[in-house]
Each structure stands twice: as structure tokens, then as C-alpha cells.
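So the chains spell out like this:
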Amino acid sequence: MLEVYLTLWRSGALSRIIRFFQDSRSKRWMGFLRSWRRKRVLKSARIDEALWTRVAAKLSFVRGLSEEETARLKQLVVLFLAEKEMHGAQGLQLTDEVRVSIAVQACLPILNLGLDTYNGWVGVVVYPGEFRVRKEETDENGIVHTFDEELAGEAWPGGPVILSWEDVGLAERGYNVVIHEFAHKIHMDGAGDADFPAACAGMDAAKWRETLEGAYRRFCSEVDAGRPTFIDPYAAEHPAEFFAVMSEAFFTESAVLARDWPELYRQFALFYRQDPAGRTG
Ligand SMILES: [Zn+2]
């Protein structure tokens, strides 16, 4: 194998192969293969209705979807489960209910953006409860501090999403760890900077950025002033956390967000191409 590799490398064939996979023709070809595979999956797989009803009963924001939206969400869930690899950690058994529940919440934000938003990674790791990760932080003197942190969820750029099943079960209006982590994925794997994702095509990019920055400043000053807010104060930690926490509110506490943060709500509606506050459920 090594000899084949070296021969290819010396002849320049390897760089030609790499270029082939990077050029747009091969991307089109991969896109064609992907959509062919998806059609095949949708022909043979379907979500059990009783299972769907059980999962949806716990997720109020799914019940408000129209019939057409529900049908599309189900298709996305089937494809998500076919393309992503979900693993249970620390002995957690992944029942169909666990898998479908996570997939439904992961797919809601991309209902009108498409599953390709989640291309480039495959893993979803589910722990029974909060999981411990080792973190490093450098202080102002350049000294690195190492500490352990208990997390309900984590997302890695180009890598897996990690979730605590116990915390997934604690989903309520305004709090949703799955939407939070997948909003991070949309941000970190797409265009934008460390603070915020870039505006989508067709949006006014300057308006999007200005609205997010203004809302973040307002939110931080409300938290600093000790004013009660229905949004988790954790959103004041960093602009990227603000985007993820506001995404949770956008999908699960839509009417309140539209009332209290109307300009931000309008920008999120353009970004996600959805109007959850306009739904009836
Ligand atoms: Zn976060």
C-alpha cells in the first residue's frame, strides 16, 4: 500500500487525485451521489407513526408544524438517522425513542435550510447525564489553567455533537440542549467568524450583524443590571453562546421572543427561513 502511495506521489498523480476531489466537478458528482442515496433511503425507510406521536407529544414546537412541514421534517429525520452515527456512551442504550427525539430536534432548525447544512461530520455521542471534560484556559499572565467541567452538551467544529440524555429530557420552553448544540454546529461549520454566523444568501448582511451585536449588548447590560430575563443569562458569556441560546428561544419560546426582541426575531426568521411564532400550535 505504501509503495502504491509513493509511486502515485512521485508521478504527481496523487496531487491530481486530490485536486480532482477538490474541484467543483467532483463536488457536483458527490452531490449527485448523495441525492441518489437519499432518494433510495426515503423509498425504503419510514418512521413508525406511534413512535412519532410519542416523541412529538413531548415537544410542543413540533406539534405546531403544518402537515406539509411535518412530512418534510419526518423525511429529514429519516435521512439524518441514515447518515449520522449515534453512539451511546457509558452504557446508555439508544432506543428508537432516544434516536428519533434527538434527530427531530436537530432537524427542526434546518427544516428549510436542508440536510447539507450538516455535511462534513457524522458523530452524535449521547451520555446518560452530564459529562466531564477537561478544559484549558490561559490567564492574562499567560499561565495555562486546567480544570474539569460538567457539560450538558458540546459541539466540535467539523466533529461530533455530544449530548446528555438527561438534559435532552429537560427540554422546556426556552431551554433545549439539542437545538443549542446544533445551532453551534450551523455556526461553526458554516461561514462567519468566532462571534456570529454569516448572514444567509438573500439577507442584508450588515443588518444581520448589526442586529445581533446590538441585541447582545442590550442583553449583557440587562444581565449586568440584574434585570430578570426569560432568556438564560448564560447567553451573556459570549456572542456565540448568545446566538445558540437565542436559537433555542426562537424555536421553543417563539412568541415571547417575537414580542420582546422583534428585530432579532425577524433576523432569525430570515436566517432559519422559518416563522415559528406564526405557527398555531
Ligand atoms: Zn453553547
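Details of the structure are given in the entry above.
This section reports on the structure supplied with the text. Values in this document were obtained by computation on a predicted structure and should not be read as measured data.

Quick look at the pairing of strand 1 (residues 85-88)
Step number 1: Of the strand pairs in this sheet, strand 1 and strand 2 (residues 123-127) are connected by four bridges, and their pairing is parallel. If you follow Glu 85 over to strand 2, its bridge partner there is Gly 123.

Some words on the pairing of strand 2
Step number 1: Running through helix 7 (residues 96-107), the crossover from strand 1 to the neighbouring parallel element strand 2 is left-handed.
Step number 2: With four bridges connecting them, strand 2 and strand 6 (residues 161-164) associate as parallel partners. Each residue of the ladder has a partner; that of Val 125, found in strand 6, is Ile 162.

Things to note about the sheet that holds strand 6
Step number 1: Ordered by their spatial adjacency, four strands build an open sheet running 1-2-6-5, and the pairing between neighbours is mixed. With one partner strand each, in any of the chains shown, strand 1 and strand 5 (153-155) form the two edges of the open sheet. When strand polarity is set aside, the average angle formed by the axes of neighbouring strands in this sheet is 15 degrees.
Step number 2: Pairing of strand 5 with strand 6, which is carried by three bridges, proceeds in the antiparallel orientation. Opposite Gly 153, over in strand 6, you have Leu 163 as the bridge partner.
Step number 3: Contacting strand 1, strand 2 and strand 6, helix 7 crosses the sheet at an angle of about 120 degrees to strand 2.
Step number 4: Against the sheet, helix 9 (residues 177-189) engages strand 5 and strand 6, with an angle of about 15 degrees to strand 5.

Criteria and thresholds
Throughout this description, residue numbers start from 1 for each chain and increase along the sequence as written. Selection of residues for local features in this predicted model requires a pLDDT of at least 70, selection of side-chain atom pairs for listing and counting requires 80 or more, and totals for whole chains, interfaces and linings are taken over all residues. Pairing between strands is defined by DSSP: at least two bridges between the two strands are required. Secondary structure follows DSSP: runs of H or I at least 4 residues long count as helices, runs of E at least 2 residues long count as strands, and numbering of each begins at the N terminus. We call a crossover right-handed when, viewed with both strands directed away from the observer, the connection leading from the first strand over the helix to the second proceeds clockwise. Axis geometry follows a simple rule: fit a line to the C-alpha atoms, using only the stretch in contact for helices, then measure angles between N-to-C directions, giving values from 0 to 180 degrees. In this description, a residue-residue contact is defined by the distance between C-beta atoms placed from the backbone, which must lie within 7 Å.

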